[in-house]
Amino acid sequence: MSKIKAFVKKYWLTACIFVGLIALYIYMTESGKANSYLFPSAGEIQGAFAENKGLLLLNMVSSFKLMIPSIVISLVIALALGTLLGMNTWLRDALHPVIYMFSVVPSILLSPFALLLAPTFWVASLFLIVYGTVWATLFATITGIMTIDKRYLDKAATLELKGFKKLTKVILPAASPSILAGFVNSLRSTFVMLVYAEMYGAQYGMGFFVKKYAEFGLYDNTWCGFIFMVIVLVIVMQIFEMIKKYLLKWTIE
């Protein structure tokens, strides 16, 4: 019971905002103040959900098949390269300007080259998503390792921790608040690039579903796909926030 009360106390304002937005939409559509073509009634959107629930789940699975490998690859690259640069001052000074130069190039600008050079659209999409999402985690890893409290390193030296053991027991855990904060930001970028990639060439996916029905002018299905995508992405973000909170339970909030 106490957990329910704590949940209500924490999110009652959030729930009120969402209820207010839904009520505003219903009022605007039912009163005729909103364009009935672009903004179908809530009943029509609800009907679209019932009609397309199987297709929505299929597109969600397709999106995850592209999103999960992208997240894993970008995380591995960011941790490996970020740890190397964070621990090596000479290498960091030499490569940081180069990495920064590449990081400011929007991955969307590289899409024509990726689509022409990649063997398949899936590979091109994977490259664009990884390229667009790796930077936040990479820079957060470098910064996190650079700013580790010297006391941790002194204690590691006292315990004669070296090499891989020092890395996994001291350096990465101490830098984890910065790394996880960067990873959450990367995750948001992953969703943006995922939707972009799916909207321009995919056969399935949540972004593809929205674009497909928008082109057909079926805006009840378009709104249905948009709302479903937002709900899925919010749930995924909340799951990662809970994982982050669990992994950082030793820190002071």
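Computed from a prediction, not measured in an experiment: that's the story for all the values here.

The rules behind each value
The residue numbers shown here count from 1 along each chain, following its written sequence. Owing to the predicted nature of the model, reporting of local features is limited to residues with pLDDT of at least 70; listing and counting of side-chain atom pairs is limited to 80 or more, with chain, interface and lining totals taken over all residues. Side-chain descriptors were evaluated using all non-hydrogen atoms of the structure, hydrogens and water having been removed beforehand. Put simply, DSSP marks the helices as runs of H or I at least four residues long and the strands as runs of E at least two long, and each gets a number from the N terminus on. Multiplying 1.5 Å by the residue count of a helix minus one yields the expected span of that helix. Note on exposure labels: buried denotes an accessible area under 20% of the residue type's maximum, exposed denotes more than 50%, and partly exposed covers the range between, all computed with a 1.4 Å probe on protein chains only. The contact rule is simple, with two residues in contact once any of their heavy atoms fall within 4.5 Å. The predictor attaches a confidence to each residue, and that confidence, scored 0 to 100, is pLDDT. Angular values range over 0 to 180 degrees, each being the angle between N-to-C directions of two axes fitted as lines to C-alpha atoms, with helices fitted over their stretch in contact. In what follows, roughly perpendicular refers to angles from 65 to 115 degrees, roughly parallel to angles under 35, roughly antiparallel to angles over 145, and oblique to any angle outside these ranges. Left-handed describes a crossing in which the near helix is turned anticlockwise from the far one by less than a right angle; the clockwise case is right-handed. When residues are grouped by polarity, Ala, Val, Leu, Ile, Met, Phe, Trp, Tyr, Cys and Pro land in nonpolar, Asp, Glu, Lys and Arg in charged, and all others, Gly among them, in polar.

Participant: I'm lost on helix α9 (residues 219-247) in this one. Help?
Facilitator: Because each turn of an α-helix spans 3.6 residues, side chains separated by three or four positions end up pointing in the same direction. A rise of 1.5 Å per residue sets the reference length of α9, with its 29 residues, at 42 Å; its end C-alpha atoms lie 42 Å apart and thus fit the reference within 8%. When we look at burial in α9, the residues that qualify are Asn221, Thr222, Cys224, Gly225, Phe228, Met229, Val232, Leu233, Val236 and Met237. Those residues of α9 hidden inside the fold are in contact with α2 (42-87), α7 (163-199) and α8 (206-216).

Participant: Even after reading the chapter, I still don't get the environment of Phe64, so can you show me in this structure?
Facilitator: Turning to its location among the elements, Phe64 is positioned in helix α2. Measuring from C-alpha to C-alpha, the distance between Phe64 and Ala78 comes to 20 Å, with 14 residues separating the pair along the chain. Not counting chain neighbours up to four residues away, the residues in contact with Phe64 comprise Pro69, Val232 and Val236.

Participant: Please explain the confidence of the model for the chain as it appears in this structure.
Facilitator: Low-pLDDT stretches of the model should not have their predicted coordinates read in fine detail. Within the chain, residue pLDDT values average 84, and 97% of them lie at 70 or more. Across the chain, the secondary-structure element scoring lowest on mean pLDDT is helix α6 (residues 150-158), at 74, and the one scoring highest is α2, at 90.

Participant: I tried to follow the packing of α8 against α9 on my own but got confused; where do I start?
Facilitator: Two elements in contact, α8 and α9, have axes separated by 8 Å at closest approach and are oriented at 160 degrees. In terms of their interaxial angle, α8 and α9 are classed as roughly antiparallel. In the packing of α8 onto α9, the handedness of the crossing is left-handed. Of the residues in α9, those touching α8 at Met206, Gly207, Phe209, Val210, Tyr213 and Ala214 are Tyr219, Asn221, Thr222, Gly225, Phe226, Phe228, Met229, Val232 and Leu233. Among the residues forming the contact of α8 with α9, the class breakdown is eleven nonpolar, four polar and no charged.

Participant: For this particular structure, what's the right way to read the environment of Ile227?
Facilitator: Here Ile227 shows up in helix α9. According to the relative accessible area criterion, Ile227 is partly exposed, its value standing at 29%. The sequence separation of Ile227 and Glu51 amounts to 176 residues, and the corresponding C-alpha distance is 15 Å. Dropping the residues within four chain positions of it, Ile227 is found in contact with Ile45 and Phe49.

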